[in-house]
Structures are given as structure tokens and as C-alpha cells.
Amino acid sequence: LVLSVPVFGQEKSSSSVMRRGSKSSAQKEQQTPGVTERMQQRLQETPVSDADLAWMKVIYRSLDLSKNENAPLYFPEMPVDGNESLIRIILRLLANNQLSAYEYLDGREVFTDETRLKVKDMLDQYQIYYQEAKGSTEKNPKFVIHESDVPATEVLSYYVIERWEFDNRTNRMKTIVEAICPVVVRDDAYAISGKTPMFWMKMSDLKPHLQAQYIFIDDDNNLASHTYDDFFTLNM
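Procedures and definitions
- Residues numbered from 1 in each chain as written.
- Predicted model: local features only at pLDDT ≥ 70, side-chain atom pairs only at ≥ 80, totals over all residues.
- Heavy atoms only, no water.
- Helix = DSSP H or I, 4+ residues; strand = E, 2+ residues; numbered from the N terminus.
- Buried < 20%, exposed > 50% of the residue type's maximum accessible area, 1.4 Å probe, protein only.
- Contact = heavy atoms within 4.5 Å.
- Areas by Shrake-Rupley, 256 points an atom, 1.4 Å probe, with all protein chains shown as cover.
- Phe/Tyr/Trp six-rings, centres within 6.5 Å; stacked < 30°, edge-to-face > 60°.
- Core = buried A, V, L, I, M, F, W, Y, C linked by side-chain atoms within 4.5 Å.
- Salt bridge = Lys/Arg side-chain N within 4 Å of Asp/Glu carboxyl O.
- Polar contact = N/O pair within 3.5 Å; in protein donor to acceptor, adjacent residues only side chain to side chain.
- Pairing = 2+ DSSP bridges.

A.B. asks: In this structure, what is going on with the overall build of the protein? I would like to understand it.
C.D. replies: Helix and strand counts for the protein come out as 6 helices and 10 strands. When the 236 residues of the protein are sorted by exposure, 41% land in the buried category. Contacts spanning at least 24 positions in sequence make up 63% of the contacts within the protein whose residues lie at least 6 apart. Only carbon and sulfur atoms are counted for the fraction: they give 48% of the accessible area of the protein, which is about 13,500 Å².

A.B. asks: It is not clear to me how the packing of aromatic side chains should be interpreted in this structure. Could you clarify?
C.D. replies: Working definition: an aromatic ring pair is given by the centre-to-centre distance plus the angle between the planes. Per the stated rule, a full pass over the model turns up 6 aromatic pairs. Summarising the aromatic geometry, the rings of Y130 and F143 are spaced 5.2 Å apart at their centres and angled 80° between planes, so their arrangement reads as edge-to-face. Linking Y130 in the loop between helix 4 (119-125) and strand 3 (131-132) with F143 in strand 4 (residues 143-144), this pair joins segments that are 13 residues apart in sequence. Classification of Y130 as partly exposed rests on a relative accessible area of 23%. Look at F231 and F232: their rings are 5.3 Å apart centre to centre, the planes differ by 75°, and that puts the pair in the edge-to-face class. Residue F231 is classed as buried on the basis of its relative accessible area, which comes to 3%.

A.B. asks: Where do I start with unusual backbone geometry in this structure?
C.D. replies: Both trends apply: most residues other than glycine have a negative phi, and most peptide bonds are in trans. Between F75 and P76 the backbone carries a cis peptide bond, its omega angle lying at -5°. Topologically, P76 is positioned in the loop between strand 2 (53-64) and helix 3 (86-95). With phi around 55°, Q127 is a residue other than glycine that occupies positive phi space. On the secondary structure map, Q127 appears in the loop between helix 4 and strand 3. Among the residues examined, Q127 registers a relative accessible area of 44% and is labelled partly exposed.

A.B. asks: Any chance you could explain the nonpolar core here in plain terms?
C.D. replies: In summary, soluble globular proteins display a tendency toward joint burial of nonpolar side chains. Ranked by size, the top nonpolar core spans 39 residues in total, and within it Y158 and F232 carry the most contacts. Those elements that place two or more of their residues in this core are helix 3, helix 4, strand 5 (155-167), strand 6 (172-187), helix 5 (203-210) and helix 6 (228-233). In terms of residue count, the dominant contributor to this core is helix 3 (8 residues). Sequence-distant contacts of Y158, that is, excluding residues within four places in its chain, are made with R61, S62, L63, L65, L73, L86, I87, I90, I180, C181, P182 and V183.

A.B. asks: Mind showing me how you'd approach the pattern of salt bridges here?
C.D. replies: It is possible for side chains bearing opposite charge to pair when their charged atoms get close. Counted by the stated rule, this structure contains 9 salt bridges. Ionic pairing is found between R163 and E165, a salt bridge with its closest N-O pair at 2.6 Å. Assessed through its relative accessible area of 5%, R163 is described here as buried. Its relative accessible area of 3% is what places E165 among the buried residues. Members of the salt-bridge network, linked through shared partners, are R163, E165, K174 and E178.

A.B. asks: What exactly am I supposed to notice about the side chain of S85 here?
C.D. replies: Along the chain, S85 turns up in the loop between strand 2 and helix 3. Residue S85 is classed as buried on the basis of its relative accessible area of 0%. When sequence neighbours within four positions are dropped, the list of residues in contact with S85 reads L73, Y74, F75, P76, A152 and Y228.

A.B. asks: Before we go on, may I ask you to explain the side chain of Q213 in this structure?
C.D. replies: With respect to the element layout, Q213 can be found in the loop between helix 5 and strand 9 (214-215). Q213 gets classed as buried once you look at its relative accessible area, which sits at 8%. A polar atom in the side chain of Q213 sits 2.6 Å from the backbone oxygen of E84. Once you skip the residues sitting within four places of it in the chain, Q213 turns out to touch G82, N83, E84, I89, H226, T227 and Y228.

A.B. asks: Could you clarify how one ought to interpret the pairing of strand 5 in this entry?
C.D. replies: Consecutive residues of a regular strand have side chains that alternate between opposite faces of the sheet. Here strand 5 pairs with strand 6 via 12 bridges, running antiparallel. Each residue of the ladder has a partner; that of D167, found in strand 6, is R172. Linking two consecutive strands that pair antiparallel, namely strand 5 and strand 6, is a turn of 4 residues; a positive phi of about 55° is found at N171 within it.

Here you go:
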């Protein structure tokens, strides 16, 4: 556990429910294959009111991809048979303007329009080569990132924000991963050096896309029986 912060009587902005019809036109145009609008609406969590919470806290966790249990987030390094590593999925969605990324504020996470990143600025900052995609406009910017230009081997860990809560209605403890942040590691004296958090993404936005790809959890089992979403939902 990196950091444990008790929170009482507060609702995180990242757990808000997307209302029917609030989806942007860019998201309607570009969707991950197999991810429908109905699926995205169905997957939204119904927030628990403060009156139903007997206990709740927020935990910041670091996932080291060099550890075997976290390796499914790193592999495959290059896409194979339609399978991609987590960072490739994230950058593809950002480049297609399907999802939003937010500034890393070092413990002061705020997911609002004011902290939303411009994807072009982020790509320039981390020296990720790109081209403007066909049909890209100022209001709906889209980019093409070639497979070889994705820093898949440099993202060696992730930060996640977990919300642990005990619900009086169900008499159960529930864990929800609210946000995720890729962490890039570089040794570049002229640009980025060391371990650098890139940006935050709300897991509620990512969830339907993570359900669309299966991953290998066990080296002894050649069948991919779990999805990226299972990895976080089941606390793997």
C-alpha cells in the first residue's frame, strides 16, 4: 500500500454516473469493436449514498509490472492476434479522442474540464511520434500513433486509486478502482528522466473497453479466461 487516506462523508467526483444521452459526438463516432453505447451505460456503477456507508477509505497503490502477478498488464509488447498491452489500449483511445485524460497533480486528483489534458501536448511532452488522423479538426482532434512509436516497454508501473467501502445495504465490503495512471521510466538527460507519472484516466470510462480483451493470467493455462476489467474488478 502506497498511501491510505480515511475519507468520510464525501463523494469522489470520479464516481459520478454518466447520464443517458451525455456521451460526446466523438465517442459516438469512435468505439472499440464490441463496445456498444448500451454496454457503456449498463456498466456505470450506481453510487452508494453516504447514509449507506458504515466505513470508507481511499488507497493509492503502485502496480509494479516486473512482478509476475502484474505481468498481464505489460504483455504482449507488440500486438499479437488482436491482443494489446494496457498502455497501447489507453493511448489508442486517447489518440482517437474516445476518452479523456487528466493532469497528474500528486495527490490532488481532480477530474474536471480544467484538468483535462490536451492529447497533442501530452504526446509532445513524452516525445511520442504521431500524425494527424484523417478527419481531425480543432474541436475533434485525432491522431495516428504507429505501433513502434508507442512507449510500451517504458511504462513499467501504474498508479491506481482504490475506493474501499462497507455497504450497510448489502453488509459487504466492496473495492472499486476509480482511476489509473501510467508511469513511464526513462533515462533521458535532455527531456524526461527517471520515473514520471503521465496522466490519470477514470476507470469508469475505461471499463467497457477493458472488458473487450481477454488476457493470460496463469502461465500454466493457455486459455485467456479473464479480461483486463476482471484484473481490476477481482483485485488480481
